[in-house]
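Residue-level listing of the chains:
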Amino acid sequence: MNILKTIGRTRALFDEDVTNHASELVSVISQSRILVIGGAGTIGQAVTREFFKRDPKALHVVDISENNMVELVRDIRSTLGYGSGDFQTLPLDVNSRYFDAFIESQPDYDIVCNLSALKHVRSEKDPYTLMRMLEVNVFNTVKTARQAAAMGARKYFAVSTDKAANPVNLMGGSKRIMEKFLHRESANIPVSMARFANVAFSDGSLLHGFNQRLMKRQPISAPDDVKRYFVTPQESGELCMMSAVFGENLDIFFPHQDGELELTKFSDIAIRFLEGHGYEPVPCATEDEARNRAAELIAQRKWPVYFFTSDTTGEKAYEEFFMGNETLDFDRFQSLGVIKNQPDFDSTALEAFEAGIAALRQSPGPWKKSDIVDWYLTLLPELSHEEKGKYLDSRM
């Protein structure tokens, strides 16, 4: 499958920027000890590969997904082979004593990259998962940024999201809150970030679901009114690497290429995906029709598709990488935009948020989602979150 053609693009975004800075990338990375947190997801694996290509002194990868870590090692050994540095993968939770003990046992790292995240809008449907989202996306970030600062690391990198720009869902809001906390932490360590487009066919994404439906011979379903930007897995790794190496304090990198990176509807991608696999998409009026006709149509090299108008909580019709009041630099790189920031935070508000969420965490259940949303609003009064009473889990 041609990923670029499927997502409606013609060429890779960052080849020119990576080539122009090739010698600098090798010079920095080959002399660095690097820790990648959350390295077993699609973006984390891509970032790990980009670092590994440039033979760092040490490359240690931490993630709670033991199986994905095994596949990461197999993939690297089967393609890139072996480097001269110390390469380790460890199935550890960063919010554990085991992770802390490992860090204490190691020489200091030069670069710490945090790719761990709860990234799905569907994960904000209940207060319990939402609290874990804040723990992973915000408080674990603060913890690991402080550990990086304590060891004297040159850079702490954290992945954000395009959904943090003018957020309408609580996942995007959690990443925007993370950015605010990192403004505070940047007083002790240089911090850079990246806001992402959707990573095509990343684990758990709707496009990854297309592959699963094809393998299981099941109908494909997608909204026909939601537009997103898409980058490839390799581009996601390159974007993070460039920010981690070249980002100045509080820089946020994002993909930028007029005429090449355009908003694309999920339904259009579904059609190109099926055509690329030799199937004719057949629109169905309902989910039931799509399910009932699957065997019949697939036998004819056709595929049932159900396209619908989005009506679930947290969905945004389109995505954007920056907000109107942010300072932008489009001159430094060819296909990378940079949001330039100066430290700007309210310590009292951040401390109150930490204390409020900690109190909720210690309180007996049942918890109320509205209480958590109220704390969001103390830091994000602009959050335009609308509860519709329906979530993506109610969709095929």
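In this report, we go over the structure that sits alongside the text.

The rules behind these values
- Residues numbered from 1 in each chain as written.
- Predicted model: local features only at pLDDT ≥ 70, side-chain atom pairs only at ≥ 80, totals over all residues.
- Heavy atoms only, no water.
- Helix = DSSP H or I, 4+ residues; strand = E, 2+ residues; numbered from the N terminus.
- Rg over C-alpha atoms; globule rule 2.2 N^0.38 Å.
- Contact = heavy atoms within 4.5 Å.
- Areas by Shrake-Rupley, 256 points an atom, 1.4 Å probe, with all protein chains shown as cover.
- Lys, Arg positive; Asp, Glu negative; His and termini not counted.
- Charge placed at Lys NZ, Arg CZ, Asp CG, Glu CD.
- Core = buried A, V, L, I, M, F, W, Y, C linked by side-chain atoms within 4.5 Å.
- Buried < 20%, exposed > 50% of the residue type's maximum accessible area, 1.4 Å probe, protein only.
- Pairing = 2+ DSSP bridges.
- Axes fitted to C-alpha atoms, helices over the stretch in contact; angles between N-to-C directions.
- Expected span 1.5 Å × (residues − 1).
- Polar contact = N/O pair within 3.5 Å; in protein donor to acceptor, adjacent residues only side chain to side chain.
- Salt bridge = Lys/Arg side-chain N within 4 Å of Asp/Glu carboxyl O.
- Parallel < 35°, antiparallel > 145°, perpendicular 65-115°, else oblique.
- Left-handed = near helix turned anticlockwise from the far one by under 90°.
- Nonpolar A, V, L, I, M, F, W, Y, C, P; charged D, E, K, R; others polar.

Some words on the overall build of the protein
Here is step 1: A count of helical and extended segments in the protein gives 14 helices and 16 strands.
Here is step 2: Taken over the C-alpha trace, the protein has a radius of gyration of 21 Å; the compact-globule value for 396 residues is 21 Å, and the two agree within 12%.
Here is step 3: Overall, the protein is about 60 × 50 × 40 Å in size when its C-alpha atoms are taken along their principal axes.
Here is step 4: Of the contacts made within the protein by residues no fewer than 6 positions apart, 79% connect residues no fewer than 24 positions apart.
Here is step 5: Within the structure as shown, the protein displays about 16700 Å² of accessible surface, and the carbon and sulfur contribution to it stands at 48%.
Here is step 6: Averaged over its 45 positive side-chain charges, the protein has a centre that lies 4 Å from the centre of its 56 negative ones.

Quick look at the nonpolar core
Here is step 1: Counting residues in hydrophobic clusters, the biggest one holds 90 residues, and the most contacted among them are F51, Y156 and Y376.
Here is step 2: With ten residues, the top contributor of residues to this core is helix α7 (residues 127-150).
Here is step 3: Aside from chain neighbours lying at most four places away, what touches F51 is I29, I34, V36, P56, L59, C113, M241 and A244.
Here is step 4: In terms of nonpolar packing, the next biggest core, distinct from the first, is built from 21 residues, L4, F201, I220 and I269 among them.

Topic: the sheet that holds strand β8 (residues 220-223)
Here is step 1: Strand order in this open sheet of three strands is β8-β14-β13, and the pairing throughout is parallel. Looking along the sheet, the strands with just one partner apiece sit at the ends: β8 and β13 (280-283). Direction aside, neighbouring strands of the sheet carry axes that sit 35° apart on average.
Here is step 2: As defined by bridge partners, β8 adjoins strand β14 (residues 302-308) across four bridges and the pair is classed as parallel. Bridge assignment links P223 to a residue of β14, and that residue is F308.
Here is step 3: Sitting on the sheet, helix α12 (residues 287-298) touches β13 and β14, and the angle it makes with β14 is about 165°.

Thoughts on the side chain of Q147
Here is step 1: When you line up the elements, Q147 lands in helix α7.
Here is step 2: With sequence-adjacent residues up to four places away left out, Q147 is seen in contact with F99 and D100.

Describing helix α8 (residues 170-185)
Here is step 1: Here α8 is 16 residues long and its end C-alpha atoms lie 22 Å apart, about the 22 Å a rise of 1.5 Å per residue gives.
Here is step 2: Among the 16 residues that make up α8, 15 are buried, leaving the element largely enclosed by the rest of the structure.
Here is step 3: For α8, the capping residue at the N-terminal end is N169, with a side-chain oxygen 3.4 Å from the backbone nitrogen of M171.

Quick notes on the sheet that holds strand β1 (residues 33-37)
Here is step 1: The strand order β3-β2-β1-β4-β5-β6-β11-β16-β15 describes an open sheet built from nine strands, whose pairing is mixed. Of all the strands in the sheet, the pair left with one neighbour each is β3 (86-90) and β15 (327-329). Taking each pair of neighbouring strands and ignoring which way they run, the sheet shows an average axis angle of 20°.

Examining the pattern of salt bridges
Here is step 1: Within this structure, the stated rule accounts for 21 salt bridges.
Here is step 2: A salt bridge links R293 to E296; the shortest N-O distance between them is 3.3 Å. Separated by three residues within a single helix, R293 and E296 lie in helix α12, roughly one turn from each other.
Here is step 3: Here E296 falls in the partly exposed class, since its relative accessible area comes to 41%.

As for unusual backbone geometry
Backbone geometry follows two general trends: most residues other than glycine have a negative phi, and most peptide bonds adopt the trans configuration.
Here is step 1: Residue P366 is reached from G365 by a cis peptide bond, and omega for that bond is 0°.
Here is step 2: Non-glycine residue L250 carries a positive phi angle of around 70°.
Here is step 3: Secondary-structure assignment places L250 in the loop between α10 (233-246) and β11 (251-255).

Points about helix α4 (residues 42-53)
Each full turn of the α-helix corresponds to 3.6 residues, which orients residues three or four apart in the same direction.
Here is step 1: With twelve residues, α4 ought to run about 16 Å at 1.5 Å a step, and its terminal C-alpha atoms sit 17 Å apart, in line with that.
Here is step 2: Extensive coverage of α4 is indicated by the burial of nine of its twelve residues.
Here is step 3: Of the residues trailing α4, D55 is marked for its positive phi of about 55°.

Regarding the packing of α7 against α8
Here is step 1: Orientation of α7 relative to α8, taken along the N-to-C sense of each, is 20°, at an axis distance of 10 Å. The angle between the axes of α7 and α8 places the two elements in the roughly parallel class. In this structure, the crossing between α7 and α8 has a hand that is right-handed. Within the contact between the two elements, α7 uses L130, M133, L134, N137, V138, T141, V142, A145 and R146 and α8 uses L170, M171, S174, K175, I177, M178, F181, L182, R184 and E185.
Here is step 2: Tallied by class, residues from the contact of α7 with α8 come to twelve nonpolar, three polar and four charged.

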